[in-house]
Amino acid sequence: MMQNVVIGFLGTTLDARRGGHWRPSVHLCGREDFPVHRLELLHDERFRRLGESVKREIGKRAPETEVLLRRLDLQNPWDFEEVYGALYDFARGYGFDEERERYHVHLTTGTHVAQICWFLLTEARHVPALLLQSGPSKGGGEAIVEIIDLDLSRYDRIQQRFDLVAESHNRLLKAGIETRNPAFNALIDRIERVAMASAAPILLLGETGTGKTELAERIYTLKRQERRLKGRFVHVNSATIRGERGMATLFGQRRAGTGASDRRGQMREADGGVLFLDEIDALGLDEQAMILDAIESGSFLPVGADTPVTSAFHLIAGANRDLGRLVAEGRFRSDLYARLNLWAFLLPRLADRREDIEPNLDHELARMARTTGTKIGFNADAREQYLRFALDPRAAWPGNFRDLRASVERLCVLAPRGRITLAMVEEEVALLAAQWTAQEHDPDANLIEAVLGERVAAIDPFDRFQLAAVIRACRTAPSLSAAGRALFAVSRTQKASRNDADRLRKYLNRFELSWEDISGA
């Protein structure tokens, strides 16, 4: 049978009262509903006589209760550091036997500082006990004893409050959209719990247009709202971190001897906030190593500096490609992947969330109304036709939510008097179908998008054919020089200098690419 053990301070005021008054340590014992098998009273040596008196009173009231007086001298019982240290040492040397004894800490006696320290020690499980408080009954009957379980989920009203807070958090992470896809809603639930409980890096995976950037921003807003951080949200496109200029942008730069001020860098700008490294799969191996060191140590060397600087930020990373596959191919560091992969979340494609198309459609209409200052809506037949197309399994939505947003924006801008008509929807549907068909049959566009990701939108059509030819040449050549010789086979004969590798390197640099980015991709 489990034995109830109660540990608490001797009440130097309340336990000293006479004449039938309620005395917390005395009246805690002798109860049928809560038998105390052992009561341990912590006391200062100055109050030993009071302790002996209380022990005798308990012996008369509850002879089955063993009372132990434990000396704990405190110079200042209102000094938090002293009280916590003394109770911590007491707990460390106690020798709790949880298989045979059930422990309780009596909060009613002792200073407010002692009560706070008891709470902290039990919450951290240094003292494996339940909290217990007692008080006199209003009618003069048996004193009141209440056990406080720190598992707050056991309290219905408190749990209801927690549920409401979690629901509010989820709405924020979903931008207020009433999403219907069960898998996505479960994903958001998990992200909410991680964002609130962990400061470890978060990795957001998914195709272009699945909403990684927007979700990262909302995670930041949630953590800022709940006072988990107070700094800025800094968005870094990892594909731009190339060479010394890119490293200076990220890590900062010390301009020694130039008279110019230091460049802080994006990592320092994110101090106390969130650093979102988008397209982290586009980083080179050297940059990956430097970022890993900065994440683990919290410090880094700005370009040109001799002394490190520090920055404490919460890292969120985004990637379009499978990092595990890149690790297997030797193009992504396994140690950085392991650091990021603790909390990894794959955002589903729009085509896998068709039940969420309608609420997202309404969300985009509301967004455009705020942008234009005009309420915009579909005619009934137009909305029915648009949703019939959007929900059809043959609708590919290759750009995911980016395609949906662009489509709604076109319809809203062209809508006469704020009404989207059936004719407009038919024209928009034809346009989307044509765009998707062109993408399927445009190998150059597909090749470039596989390399550049979201940056493909910034490439002129004039440059796409040429860049696709360069990528193909690099992938079939054994080296940068060999690729350069093949690409510049005619013009190199007309130049005094035949540094084909340098010419090719400069061409790739125009698109913020390197040989490593595309040679084995």
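In case you missed it, the structure is sitting above this.
Residues numbered from 1 in each chain as written. Predicted model: local features only at pLDDT ≥ 70, side-chain atom pairs only at ≥ 80, totals over all residues. Heavy atoms only, no water.

(A) The arrangement of the pairing of strand E3 (residues 66-71) in detail. In the sheet, strand E2 (residues 38-43) pairs with E3 via six bridges, with the strands oriented parallel. Along E3, the bridge assignment pairs leucine 39 with valine 67. With respect to chirality, the unit in which E2 leads through helix H2 (residues 48-61) into the neighbouring parallel E3 is right-handed. (Pairing = 2+ DSSP bridges. Helix = DSSP H or I, 4+ residues; strand = E, 2+ residues; numbered from the N terminus. Right-handed = clockwise from strand over helix to strand, strands pointing away.)

(B) Just unusual backbone geometry, in detail. Of note, the phi angle at tryptophan 397 is positive, near 45°, even though the residue is not glycine. Tracing the chain through its elements places tryptophan 397 in the loop between helix H14 (380-391) and helix H15 (401-414). Despite not being glycine, asparagine 400 shows a phi value in the positive range, around 55°. Here asparagine 400 shows up in the loop between H14 and H15. Since its relative accessible area comes to 1%, asparagine 400 is described here as buried. (Buried < 20%, exposed > 50% of the residue type's maximum accessible area, 1.4 Å probe, protein only.)

(C) Layout of the nonpolar core. Among the nonpolar cores identified, the biggest contains 29 residues, and Met267, Leu275 and Ile280 are the most heavily contacted of them. Where this core is concerned, the elements lending two or more residues are strand E7 (202-205), strand E8 (233-237), helix H8 (243-251), strand E9 (274-278), helix H10 (285-297), strand E12 (314-319), helix H11 (323-328) and helix H12 (334-340). Counting residues per element, this core draws most heavily on H10, at four residues. Excluding its chain neighbours within four sequence positions, the residues that come into contact with isoleucine 280 are Ser238, Ala317, Gly318, Ala319, Leu323, Phe332 and Leu340. Residues Ala382, Leu411, Ile420 and Val429 belong to the second largest nonpolar core, which totals 26 residues. (Core = buried A, V, L, I, M, F, W, Y, C linked by side-chain atoms within 4.5 Å. Contact = heavy atoms within 4.5 Å.)

(D) Broad picture of the environment of arginine 102. For arginine 102, the location among the structural elements is in strand E4 (residues 101-106). In this structure the C-alpha to C-alpha distance between arginine 102 and valine 6, which are 96 residues apart in sequence, comes to 8.6 Å. Those residues in contact with arginine 102, other than ones at most four positions away along the chain, are Met2, Gln3, Asn4 and Val5.

(E) Just the sheet that holds E8, in detail. If you trace the five strands from one edge of the open sheet to the other, you get E8-E9-E12-E7-E13, paired in parallel fashion. Each edge of the open sheet is held by one strand with a lone partner, namely E8 and strand E13 (343-346). When strand polarity is set aside, the average angle formed by the axes of neighbouring strands in this sheet is 15°. (Axes fitted to C-alpha atoms, helices over the stretch in contact; angles between N-to-C directions.)

(F) Quick look at the packing of aromatic side chains. Counted according to the given criterion, the structure contains 15 aromatic pairs. Both rings, one in tyrosine 84 and one in tyrosine 88, keep their centres 6.3 Å apart while their planes meet at 15°; by these two values the pair is stacked. Highlighted residues: tyrosine 84 and tyrosine 88, both in helix H3 (residues 80-92), separated by four residues, approximately one helical turn. You can call tyrosine 84 partly exposed: its relative accessible area is 23%. (Phe/Tyr/Trp six-rings, centres within 6.5 Å; stacked < 30°, edge-to-face > 60°.)

(G) Structural context of helix H7 (residues 212-225). A rise of 1.5 Å per residue sets the reference length of H7, with its 14 residues, at 20 Å; its end C-alpha atoms lie 20 Å apart and thus fit the reference within 8%. Every buried residue of H7 is accounted for by Lys212, Thr213, Leu215, Ala216, Ile219, Tyr220, Leu222 and Lys223. (Expected span 1.5 Å × (residues − 1).)

(H) Representation of the side chain of asparagine 185. Tracing the backbone shows asparagine 185 in helix H6 (residues 182-197). Judged by relative accessible area, which is 19%, asparagine 185 ranks as buried. Within the structure, the side chain of asparagine 185 is placed 3.2 Å from the side chain of lysine 174, a separation counted as a polar contact. In contact with asparagine 185, not counting residues within four places along its chain, are Lys174, Thr179 and Arg180. (Polar contact = N/O pair within 3.5 Å; in protein donor to acceptor, adjacent residues only side chain to side chain.)

(I) Main features of a nonpolar patch on the surface. On the surface, Phe80, Ile116, Phe119 and Leu120 cluster together into a nonpolar patch covering about 330 Å² of accessible area. Turning to its location among the elements, leucine 120 is positioned in helix H4 (residues 112-123). Leucine 120 sits in the partly exposed class, given a relative accessible area of 31%. (Patch = residues over 30% accessible without salt bridge, like charges linked within 9 Å, V, L, I, M, F, W, Y side chains within 5 Å. Areas by Shrake-Rupley, 256 points an atom, 1.4 Å probe, with all protein chains shown as cover. Salt bridge = Lys/Arg side-chain N within 4 Å of Asp/Glu carboxyl O.)

(J) The arrangement of the packing of H15 against helix H16 (residues 422-440) in detail. Contact geometry of H15 with H16 gives a least axis separation of 11 Å together with a crossing angle of 145°. Where H15 crosses over H16, the handedness of that crossing is right-handed. Between H15 and H16, the contacting residues are Asp403, Ser407, Arg410, Leu411 and Leu414 on the first element and Met424, Val425, Glu428, Leu431, Leu432, Gln435 and Trp436 on the second. When the residues that make up the contact of H15 with H16 are grouped by side-chain class, the tally is seven nonpolar, two polar and three charged. (Left-handed = near helix turned anticlockwise from the far one by under 90°. Nonpolar A, V, L, I, M, F, W, Y, C, P; charged D, E, K, R; others polar.)

(K) Just the pattern of salt bridges, in detail. Across all of its chains, the model carries 30 salt bridges by this definition. For arginine 100, the salt bridge is made with aspartate 97, and the minimal N-O distance between the two is 3.1 Å. For aspartate 97, a relative accessible area of 25% corresponds to the partly exposed category. Across the salt bridge formed by glutamate 269 and arginine 232, the nearest N and O atoms sit 2.8 Å from each other. With a gap of 37 residues between them, glutamate 269 in helix H9 (residues 266-269) and arginine 232 in the loop between H7 and E8 connect regions that are remote in the sequence. On the accessibility criterion, glutamate 269 (28% relative accessible area) is partly exposed. Residue arginine 232 is classed as partly exposed on the basis of its relative accessible area of 45%.

(L) Structural context of the sheet that holds strand E6 (residues 144-148). Spatially, six strands are ordered E3-E2-E1-E4-E5-E6 in an open sheet, and the strand pairing comes out mixed. Each end of this open sheet is capped by a strand with a single partner; those strands are E3 and E6. Neighbour to neighbour, the strand axes of the sheet diverge by 25° on average, direction disregarded. Across the sheet, H2 touches E2 and E3, and the angle it forms with E3 is around 170°. Lying on the sheet, H3 is in contact with strand E1 (3-9), E2 and E3; it crosses E2 at an angle near 145°.

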